[in-house]
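Structural characterization, general
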Amino acid sequence: MQYAAPTTTEEAARLLASNPKAARVLAGGTDLLVQIRAGMIAPDLLVDIKKINGIRDITAEGGGYRIGAAVSGAELGEHAGVVAMWPGVVEAVELIGSTQVQGRCTMAGNLCNASPAADSVPALVAADAVARIVGPRGERNVAVLDIPRGVGKTSLEAGEFITSIYLPKRPDRASDAYLRFIPRTEMDIAVCSAGVSLTLDSKGIITEARVALGAVAPTVLLVSEAAKALIGHKPDDATLAALGKACSDACKPIDDKRGTIEFRRDVVAVLAGRAARIACQRAGGSL
Amino acid sequence: MSKIHVTTRINGDEAEFLCDAEETLLDVLRDHLNLTGAKEGCASGDCGACSVTLNGRLVCSCLVLGAEADGAEIATIEGMASGEKLHVLQQKFLDHAALQCGICTPGILIAAKSLLEKNPDPSETEVRYWLAGNLCRCTGYDKIINAVIDAAAEMRKV
Ligand SMILES: Cc1cc2nc3c(=O)[nH]c(=O)nc-3n(C[C@H](O)[C@H](O)[C@H](O)COP(=O)(O)OP(=O)(O)OC[C@H]3O[C@@H](n4cnc5c(N)ncnc54)[C@H](O)[C@@H]3O)c2cc1C
Ligand code: FES
Ligand code: FES
């Protein structure tokens, strides 16, 4: 195996494209190095993107924030502007692993590892975040929703990698929240999870919403029926019951050692309801 | 295959080594630099026995490549005491008997030090969450938590 640490996106893209099958991007390494060690993958070349100029920056752009692909969870959580605007995304990223893992893990790595249980992904999808991708054919912007394509599979083409993730501008009285269920309090993988992002009017009625579910299908689910259940209402019991039903109906979970199909269907409805309430509160609404 | 030449700083001193791309920072510390304080428990990021700081951030050295240390600042348990004088945390771990076999101890001390640099007055809950990535199979954790809280109180006095 070889290691390269290019300082420009062009050089990184060239290295990745030169050996598209056997080259891998190294960001925080908290998935990649574990998989190499376990013998699951055996890349010939690791392209460490952390030395690329600007890739560790968080920049205000168009009223939102552009998060460089190599920004770690710990760095994101220390950025007051992002924490204020997208608290649900930040809380999702901060759930990844331990303090040690936070020092290294990235959102782009979480997304590209393409685990159905990746914690930041439902929150990013609820936020309508957009990934910027660079590759042999130049640059393109793709909704985070369209990146995972199956367990361990992404829509990135050979030689492509993510350089940043954009969290869009949001109106006043808008916020988000993310919750996952794990049997422990820390250091575990989501049995199921829900991210909700919403906007309120001056009376506290939800006018816009996005609801995304994790670990209940091979890829993250954006549930439009769940958003419809919220829009036009306050987060009262009847509204949250309708939201929960839409979530349970949309999910296609599996039975495994971490939870049964029935358990996941029920719990994801509860999580979505609680996340919606928290998001409303953060957006300045009353319950 | 040609080795990678790395220049770095460890506990304030310049260090140089040659490594293969596969070798982790933990491998390099233990096998090339003879710094065996950081332990390998799991080699998968779960146990924290290999904790060091990299450019001031707490990380698992088993999940960092040796090559990534080029140009970086690393701090390991070997740099914690000043000569014969133990760091307050080290002394409190002895006072509270916060260790038995000791395998987890270097990692926990490094992790606790990085907590107290960020938050000199953590609550018990904050200490427990910060150290959630450091497993101890012997003590049952309470003594470790008490030692950290006591060390924090002592360090706030000076
Ligand atoms: C102890 C431990 C606990 C964990 N707990 C959790 C948890 O609670 N929740 C959770 O969701 N995850 C968890 N993880 C998994 C992991 O930490 C996350 O998925 C993390 O976000 C991965 O980011 P990274 O930067 O370390 O990715 P890396 O390991 O560097 O990369 C992951 C994959 O994505 C690719 N990649 C990375 N960056 C890019 C890019 N910019 N463009 C294209 N491809 C890229 C890599 O080639 C690799 O295939 C845990 C891991 C450990 C070791
Ligand atoms: S050896 Fe690194 S976390 Fe266990
Ligand atoms: S003292 Fe033995 S593992 Fe902690």
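An account of the accompanying structure is given in this report. Residue indices begin from 1 for each chain and proceed along its sequence in written order. All chains are assigned letters beginning with A, and all ligands numbers beginning with 1, in the order in which they are written. At least 70 in pLDDT is required for a residue's local features to be given in this predicted model, at least 80 for side-chain atom pairs to be given and counted, and no such filter applies to totals for whole chains, interfaces and linings, which use all residues. Note: side-chain values were computed over all heavy atoms of the structure, leaving out hydrogens and water.

1. Thoughts on the overall build of chain B
Starting at the N terminus, helices and strands are each numbered in turn, a helix being any DSSP run of H or I of at least four residues and a strand any DSSP run of E of at least two. Looking only at helices and strands, chain B features 5 helices and 5 strands. Reading the secondary structure of chain B in the N-to-C direction produces β-β-α-β-β-β-α-α-α-α. With the radius of gyration taken over C-alpha atoms, the globule rule is written as 2.2 Å times the number of residues to the power 0.38. Its C-alpha radius of gyration of 16 Å places chain B within 12% of the 15 Å reference for a compact globule of 158 residues. Its C-alpha atoms put chain B at 50 × 30 × 25 Å along the principal axes. Looking at chain B as a whole, 49% of its 158 residues are labelled buried. It only takes one pair of heavy atoms within 4.5 Å for two residues to be counted as in contact. Excluding contacts between residues fewer than 6 apart, the proportion of contacts in chain B whose partners are at least 24 apart in sequence is 53%. Methods summary: accessible areas were calculated by the Shrake-Rupley approach with a probe of 1.4 Å, and residue burial reflects only the protein chains presented. Of the roughly 7400 Å² of accessible surface on chain B, 48% is carried by carbon and sulfur atoms. Side chains of chain B give 14 positive and 23 negative charges; the mean places of these two sets differ by 8 Å. For each residue, the accessible area found with a 1.4 Å probe, counting protein chains only, is set against the maximum for its type, and the residue is called buried under 20%, exposed over 50%, and partly exposed in between. A residue counts as positive if it is Lys or Arg and as negative if it is Asp or Glu; His and the chain ends are not included. Here the site of a charge means NZ on Lys, CZ on Arg, CG on Asp, or CD on Glu.

2. Some thoughts on a nonpolar patch on the surface
Patch members must show over 30% relative accessible area and no salt bridge, and they are joined within 9 Å when carrying like charges or within 5 Å when they are nonpolar side chains of Val, Leu, Ile, Met, Phe, Trp or Tyr. By definition here, a salt bridge exists when the distance from a side-chain nitrogen of Lys or Arg to a carboxyl oxygen of Asp or Glu is within 4 Å. On the surface, Leu-86, Leu-94 and Leu-99 of chain B cluster together into a nonpolar patch covering about 240 Å² of accessible area. Looking at the element boundaries, Leu-94 of chain B is found in helix 2 (residues 88–95).

3. Overview of the pattern of salt bridges
Counted according to the given criterion, the structure contains 30 salt bridges over all chains. Where Lys-118 of chain B meets Glu-78 of chain A, a salt bridge forms, and the shortest distance between an N and an O atom there is 3.1 Å. Placement of Lys-118 of chain B in helix 3 (residues 105–118) and of Glu-78 of chain A in the loop between helix 3 (73–77) and helix 4 (80–85) is noted, with the two residues assigned to different chains. Taking the relative accessible area as the measure of exposure, Lys-118 of chain B reaches 53% and is therefore exposed. Using a relative accessible area of 43% as the deciding quantity, one classes Glu-78 of chain A as partly exposed. Bridged by salt links that share partners, the residues Asp-48, Lys-50 and Arg-104 of chain A together with Glu-68 of chain B form one connected network.

4. Re the sheet that holds strand 5 (residues 64–68) of chain A
Residues and elements named next belong to chain A. With antiparallel pairing, the 5 strands of this open sheet are ordered in space as 4-5-10-6-7. Each edge of the open sheet carries a strand with a single partner, namely strand 4 (58–61) and strand 7 (138–143). Going from strand to strand, the sheet's axes swing by 25 degrees on average, the running direction of each strand aside. Relative to strand 10 (residues 161–167), strand 5 is paired through 4 bridges, and the arrangement is antiparallel. Counted as the bridge partner of Arg-66 is Tyr-166 from strand 10. Pairing between two strands is assigned when DSSP locates at least 2 bridges connecting them. Each axis is a line fitted through C-alpha atoms, taken for helices only over the stretch in contact, and angles between the N-to-C directions span 0 to 180 degrees.

5. Some remarks on the nonpolar core
All names here are of chain A. Ranked by size, the top nonpolar core spans 48 residues in total, and within it Val-89, Phe-161, Ile-162, Ile-165 and Leu-167 carry the most contacts. Listing elements by their share of this core, those giving two or more residues are helix 1 (9–18), strand 3 (45–48), strand 5, helix 5 (87–94), helix 7 (107–113), helix 8 (120–126), strand 6 (130–135) and strand 10. Of the residues forming this core, the biggest block, 5 residues, is contributed by helix 8. How far each domain reaches was decided by an automatic or database domain assignment. Mapped onto the domain boundaries, this core takes at least three residues apiece from domain 1 (2–49 + 57–167) and domain 2 (174–282). Residues within four places of Val-89 in sequence aside, it is in contact with Met-107, Ala-123, Leu-124, Ala-127, Leu-167 and Asp-176. Definition of nonpolar core: a set of buried residues of the types Ala, Val, Leu, Ile, Met, Phe, Trp, Tyr and Cys, connected through side-chain atoms within 4.5 Å.

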